[in-house]
Amino acid sequence: HLIVGMQNILYACEKTELLKKIITQETHAGIEVHDIEDEQLESSTYSCRVLNESNSGRRISNLPAAVAEDMMIGNVVALLDATRNGITIMAGLVRWKKEDQHGQFHFGIEIIPGQPAATTIQTEISEQAFGGLVFPPIAVLKLEHRILLPQKHYRGEARLNYKSTSGIIRATLGESVMHSP
């Protein structure tokens, strides 16, 4: 399954139980009450087929035609995998898009290593908070903490605060290593 867009991914990180129901298509008798955001998440989670996978990415296809046509190189996406232990969310960026001779679109997704967590970020120069994804350090890959935030909020060397499970973290943005529209 695939989720498209930063806001949808941020919401999905907070709603893993709902995601599991969406992916496994669990249904319950009776009436269920959903938030409008729940319905948005449900309508922005798409089934897809993984054709090829490596540690750094996936090749996917079989998205609904309207979604495939609208997806662009650089879009932020998340691939979802449901297991007995819960949901694995892999954030990534669309790096290439090709249409085959049958009109089917194929996409190359670069995976950002680590399990993302949604967070609220505030820079020292802006009073408005915004959402972003935080990725844990991965020693074996020599990766520090990484933050994925909307490009319009990126200012090199900016100081910012973000929430983590251990409290408020103060950080200074380093070099931008990935770009997305």
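What you see is a predicted model, and the numbers here were worked out from it, not measured in a lab.

Colleague: I'm lost on the sheet that holds strand β3 (residues 49–53) in this one. Help?
Modeller: As a general point, the strands of a sheet are linked pairwise by backbone hydrogen bonds and lie either parallel or antiparallel. Taken in spatial order, the seven strands line up as β2-β1-β5-β6-β7-β4-β3 in an open sheet, and their pairing is antiparallel. Two strands in the sheet have a free side with no partner beyond their single neighbour: β2 (45–46) and β3. Seen against the sheet, helix α1 (residues 6–14) touches β1 (2–4), β5 (76–83) and β6 (86–99) and runs at an angle of roughly 130° to β1. Lying over the sheet, helix α2 (residues 16–24) contacts β1, β2, β5 and β6, oriented at roughly 60° with respect to β6.

Colleague: How do you make sense of the nonpolar core when you look at a structure like this?
Modeller: Generally speaking, a soluble globular protein has its nonpolar side chains buried in company with each other. Ile3, Ile9, Leu19, Ile89, Leu133 and Leu148 are the most contacted members of the largest nonpolar core, which totals 19 residues. Elements with a minimum of two residues in this core: α1, α2, β5, β6 and β9 (130–135). Looking at this core element by element, the count peaks at five residues for α1. Ranked by size, the runner-up nonpolar core spans 16 residues in total, among them Tyr46, Ile60, Met71 and Ile111.

Colleague: Which parts of the structure should I look at to understand the sheet that holds strand β8 (residues 117–123)?
Modeller: Reading across from one edge, β10-β9-β8-β11-β12 is the order of the five strands in this open sheet, with antiparallel pairing throughout. Only two strands of the sheet have a single partner each, and these edge strands are β10 (146–148) and β12 (167–172). On average, each strand axis in the sheet is tilted by 40° relative to the strand beside it, whichever way the strands run. As paired elements, strand β11 (residues 159–164) and β12 share six bridges and run antiparallel to each other. Each residue of the ladder has a partner; that of Ser164, found in β12, is Gly167. Against the sheet, α1 engages β8, β9 and β10, with an angle of about 65° to β9.

Colleague: When you look at the packing of aromatic side chains in this model, what are you seeing that I'm missing?
Modeller: Here the distance between the centres and the angle between the planes together describe a pair of aromatic rings. All told, the structure shown has one aromatic pair when counted by the stated rule. The ring of Phe105 has Lys97 sitting right over it, with the charged end atom 4.7 Å from the ring centre.

Colleague: Would you take a moment to explain the environment of Glu17 for this structure?
Modeller: In this structure, Glu17 sits in helix α2. In the structure, Glu17 is positioned 70 residues away from Ile87 in sequence and 8.1 Å away in space, judged by C-alpha atoms.

Colleague: Just checking my understanding: could you explain unusual backbone geometry for this structure?
Modeller: Excluding glycine, a negative phi dihedral is what most residues carry, and trans is how most peptide bonds are arranged. Of note, the phi angle at Asn62 is positive, near 65°, even though the residue is not glycine. Mapped onto the fold, Asn62 is located in the loop between β4 (57–61) and α4 (65–70). One non-glycine residue, Lys142, lies in the positive phi region at around 55°.

Colleague: What is the right way to read the confidence of the model for the chain from this model?
Modeller: Close reading of the predicted structure is inappropriate where its pLDDT is low. Here the chain averages 82 in pLDDT, and 87% of its residues register 70 or above. Counting interchain partners and residues more than four positions distant, the pLDDT-below-50 stretch residues 26–34 has six contacts.

Colleague: Is there a simple way to think about α2 in this case?
Modeller: An α-helical turn contains 3.6 residues, so any two residues separated by three or four positions project in the same direction. Turning to α2, its buried residues number three or more, namely Leu18, Leu19, Ile22 and Ile23. Down the axis of α2, the sector holding all buried residues measures 135°, keeping them to one side.

Colleague: Sorry, what's going on with the side chain of Arg58 here?
Modeller: By secondary structure assignment, the location of Arg58 is in strand β4. A relative accessible area of 14% places Arg58 in the buried class. Among the polar contacts made by the side chain of Arg58, one reaches the main-chain carbonyl oxygen of Ser54 at a distance of 2.6 Å. Residues within four places of Arg58 in sequence aside, it is in contact with Val50, Asn52, Glu53, Leu79, Met90, Phe107, Gly108, Ile109 and Ile111.

Colleague: How should the environment of Trp96 be read in this particular structure?
Modeller: Inspection of the secondary structure assignment puts Trp96 in strand β6. Residue Trp96 is classed as partly exposed on the basis of its relative accessible area, which comes to 30%. In this structure the C-alpha to C-alpha distance between Trp96 and Arg59, which are 37 residues apart in sequence, comes to 9.3 Å. In this view, Trp96 contacts Arg59, Ile73, His106, Phe107 and Gly108; residues no more than four positions away in its chain are not counted.

Thresholds applied
Residues numbered from 1 in each chain as written. Predicted model: local features only at pLDDT ≥ 70, side-chain atom pairs only at ≥ 80, totals over all residues. Heavy atoms only, no water. Pairing = 2+ DSSP bridges. Helix = DSSP H or I, 4+ residues; strand = E, 2+ residues; numbered from the N terminus. Contact = heavy atoms within 4.5 Å. Axes fitted to C-alpha atoms, helices over the stretch in contact; angles between N-to-C directions. Core = buried A, V, L, I, M, F, W, Y, C linked by side-chain atoms within 4.5 Å. Buried < 20%, exposed > 50% of the residue type's maximum accessible area, 1.4 Å probe, protein only. Phe/Tyr/Trp six-rings, centres within 6.5 Å; stacked < 30°, edge-to-face > 60°. Lys NZ or Arg CZ within 6 Å of the ring centre and 35° of its normal. pLDDT = per-residue confidence, 0-100. Arc of directions from axis to C-beta. Polar contact = N/O pair within 3.5 Å; in protein donor to acceptor, adjacent residues only side chain to side chain.

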